[in-house]
Amino acid sequence: MNIHTPEIERQPEREDAAAALRTLRAWAATASDAEIETLDPSIARLLTDRPTGTYPDLSRQYPEGFTADSDYKATLPDLQNGPQSLIRGARRPIQHVGISNFRLPIHFRTRDNGDLTLETSVTGTVSLEAEKKGINMSRIMRTFYTYAEETFSFEVIEAALDSYKSDLESFDARIQMRFSFPMRVESLRSGLAGFQYYDIALELVEREGVRRKIVHLDYVYSSTCPCSLELSEHARRERGQLATPHSQRSVARISVALDPEAECLWFEDLVELCRAAVPTETQVMVKREDEQAFAELNAANPIFVEDAARLFAERLQAEPRIGDFRVIASHQESLHSHDAVSVLTEGDTFDQESLDPKAFATLFHVG
């Protein structure tokens, strides 16, 4: 009696796969492209030793007359809007994703000089849900070009935010616009005048359906050390010794959340508020009488960095158009090889335990 033992199934080993690949390549060496395609289109990736000339002969000329019609565009791959299976890394929501330092000329309203067109750096971001791969970032840029010819105000920024937030089907969004704002400033005594430039940023933030309008301003001033001033005067009085107090160029970054129900807070208004708090603003045009006046002004207003933060806060608290605020001050000392710094916040908007490690390093002024 013949007994047939069924063949025991086993998992193929690496040697089996190598032998199969050699067989496949030997067959493909004489097979046509059509035969390979019929067998399995993915096989072409395995055939690295096929004779040259089997890869399609591609054009190296730019197709000037080619038009991407709607049918062609429908065939283009779009990985950012692909399925969840394309997500790499942790499947977590992202609070901000978008573009930064996208620049274009923007028209701004001013209080005193009509409209100004200023080169503006735009940062636009939206939130991204955990199950979405990404966003089409070019839509943010296209949105801004739609509004670029309008004179920008917070209302126009809100319209731009609504547009790209809707296009990208996102919940939270943020727009920040940075620019250098010129104001004509007169000298202290000589009657000269020149333009002072202020680094300003407008920020519109929407989170969980709540919008906040924020203005950031860098105000540059001179700070004379009160201790050094008193020690210099002591040397003059007690020993007849000439001595000068140390002072230095200083920067305060003032960030304010605007009251949505209040009237417009103009850029000029915020600058004048800073001048009223700390009047030793650096000068643009000076003659000898202006330089002397500036020395006298500094002597009349000596301040530590703690004083600066509190003087700014005092004025900000008294302004009804301003809600929460933050003052970051940096006195870049001529006595020490380090800076003296302070941070003062009011309200929840700017209250945070952690600061950007380079926050103080960004408080400098380039003339």
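Keep in mind that what you see is a predicted model, and the values were worked out from it rather than measured.

1. Considering the overall build of the protein chain
The secondary structure content of the protein chain amounts to nine helices and nine strands. With the principal axes as the frame, the protein chain shows a C-alpha extent of 125 × 50 × 45 Å. Per element, the accessible surface of the protein chain, about 23600 Å² overall, is 50% carbon and sulfur. Where the 40 positive side-chain charges of the protein chain centre and where its 60 negative ones centre are 4 Å apart.

2. Some words on the packing of aromatic side chains
Evaluation of the coordinates by the stated rule reveals 10 aromatic pairs. With 5.9 Å between their ring centres and 85 degrees between their planes, tyrosine 219 and phenylalanine 312 make a pair best called edge-to-face. Here tyrosine 219, found in strand E6 (residues 210-224), pairs with phenylalanine 312, found in helix H9 (residues 305-318); they are 93 residues apart in sequence, far enough to count as distant. Each member of the pair, tyrosine 219 together with phenylalanine 312, is buried. The rings of Phe108, Phe179, Phe181 and Phe267 are connected pair by pair, giving a single aromatic cluster.

3. Concerning the sheet that holds strand E3 (residues 151-152)
Spatially, nine strands are ordered E3-E1-E2-E4-E5-E6-E7-E8-E9 in an open sheet, and the strand pairing comes out mixed. Looking at the sheet topology across the chains shown, the edges are occupied by E3 and strand E9 (340-346). By the bridge criterion, six bridges tie strand E2 (residues 115-128) to strand E4 (residues 173-186) in an arrangement that is antiparallel. Its bridge partner lying in E4, threonine 125 is registered against arginine 174. Along the sheet, helix H4 (residues 138-147) contacts strand E1 (94-109), E2, E3 and E4; its crossing angle with E1, the most-contacted strand, is approximately 20 degrees.

4. Overview of the packing of helix H7 (residues 267-277) against H9
Two elements in contact, H7 and H9, have axes whose closest approach is 8 Å; the angle formed by their N-to-C orientations is 130 degrees. As the angle between them shows, H7 and H9 are arranged oblique. As for how H7 packs across H9, the hand of that crossing is right-handed. Contact with H7, carried on its side by Leu270, Leu273, Cys274, Ala276 and Ala277, involves Leu311, Phe312, Arg315 and Leu316 of H9 and no other residues of that element. Among the residues making up the contact of H7 with H9, the classes are represented as eight nonpolar, no polar and one charged.

5. Re the packing of H4 against helix H5 (residues 154-167)
Close contact between H4 and H5 brings their axes to 9 Å; oriented N to C, the two are set at 145 degrees. Considering only the axes of H4 and H5, their crossing is right-handed. Residue-level inspection shows Arg139, Ile140, Thr143, Phe144 and Tyr147 of H4 in contact with H5, the latter providing Val156, Ala159, Ala160, Ser163, Tyr164 and Asp167.

6. Topic: helix H6 (residues 226-239)
The α-helix winds at 3.6 residues per turn, so residues separated by three or four positions along the chain end up facing the same way. Over its 14 residues, H6 extends 20 Å from the first C-alpha to the last, a length consistent with the 20 Å expected when each residue adds 1.5 Å. Buried within H6 we find Pro226, Ser228, Leu229, Ser232 and Ala235. Close packing links the buried residues of H6 with E6, helix H8 (288-300) and H9. One or two steps after H6, the chain reaches glycine 240, where phi turns positive at roughly 65 degrees.

7. Quick word on the pattern of salt bridges
Applying the stated criterion across every chain yields a total of 17 salt bridges. A salt bridge links aspartate 162 to arginine 211; its shortest N-O distance comes to 2.2 Å. Taken as a pair, aspartate 162 in helix H5 and arginine 211 in strand E6 lie far apart in primary sequence, 49 residues in all. Overlapping salt bridges, with partners in common, bring together Arg111, Asp112, Asp269, Glu272, Glu319 and Arg321 in one network.

8. As for the pairing of strand E5 (residues 193-207)
Where E4 lies against E5, 14 bridges are found, and the strand directions are antiparallel. Each bridged residue has a counterpart across the sheet, and for methionine 177 the counterpart in E5 is leucine 202. Between E4 and E5, which pair antiparallel in sequence order, lie six residues; one of them, glycine 191, sits at a positive phi of approximately 90 degrees. Between E5 and E6, which pair antiparallel in sequence order, lie two residues; one of them, glutamate 208, sits at a positive phi of approximately 50 degrees.

9. Some thoughts on the side chain of arginine 253
Relative to the assigned elements, arginine 253 resides in strand E7 (residues 247-258). Assessed through its relative accessible area of 18%, arginine 253 is described here as buried. At 2.7 Å, the side chain of arginine 253 and the side chain of aspartate 218 are in polar contact. A polar contact is formed between the side chain of arginine 253 and the side chain of threonine 362, at a distance of 2.9 Å. Those residues within four positions of arginine 253 in sequence are excluded, and the remaining contacts are Leu217, Asp218, Arg326, Val327, Ile328, Ala359, Thr362 and Leu363.

10. Observations concerning the environment of leucine 24
Its place among the elements puts leucine 24 in helix H1 (residues 14-28). Note on leucine 24: relative accessible area 19%, which makes it buried. Separated by 82 residues in sequence, leucine 24 and isoleucine 106 have C-alpha atoms that sit 63 Å apart.

How each quantity is defined
Residues numbered from 1 in each chain as written. Predicted model: local features only at pLDDT ≥ 70, side-chain atom pairs only at ≥ 80, totals over all residues. Heavy atoms only, no water. Helix = DSSP H or I, 4+ residues; strand = E, 2+ residues; numbered from the N terminus. Areas by Shrake-Rupley, 256 points an atom, 1.4 Å probe, with all protein chains shown as cover. Lys, Arg positive; Asp, Glu negative; His and termini not counted. Charge placed at Lys NZ, Arg CZ, Asp CG, Glu CD. Phe/Tyr/Trp six-rings, centres within 6.5 Å; stacked < 30°, edge-to-face > 60°. Buried < 20%, exposed > 50% of the residue type's maximum accessible area, 1.4 Å probe, protein only. Pairing = 2+ DSSP bridges. Contact = heavy atoms within 4.5 Å. Axes fitted to C-alpha atoms, helices over the stretch in contact; angles between N-to-C directions. Parallel < 35°, antiparallel > 145°, perpendicular 65-115°, else oblique. Left-handed = near helix turned anticlockwise from the far one by under 90°. Nonpolar A, V, L, I, M, F, W, Y, C, P; charged D, E, K, R; others polar. Expected span 1.5 Å × (residues − 1). Salt bridge = Lys/Arg side-chain N within 4 Å of Asp/Glu carboxyl O. Polar contact = N/O pair within 3.5 Å; in protein donor to acceptor, adjacent residues only side chain to side chain.

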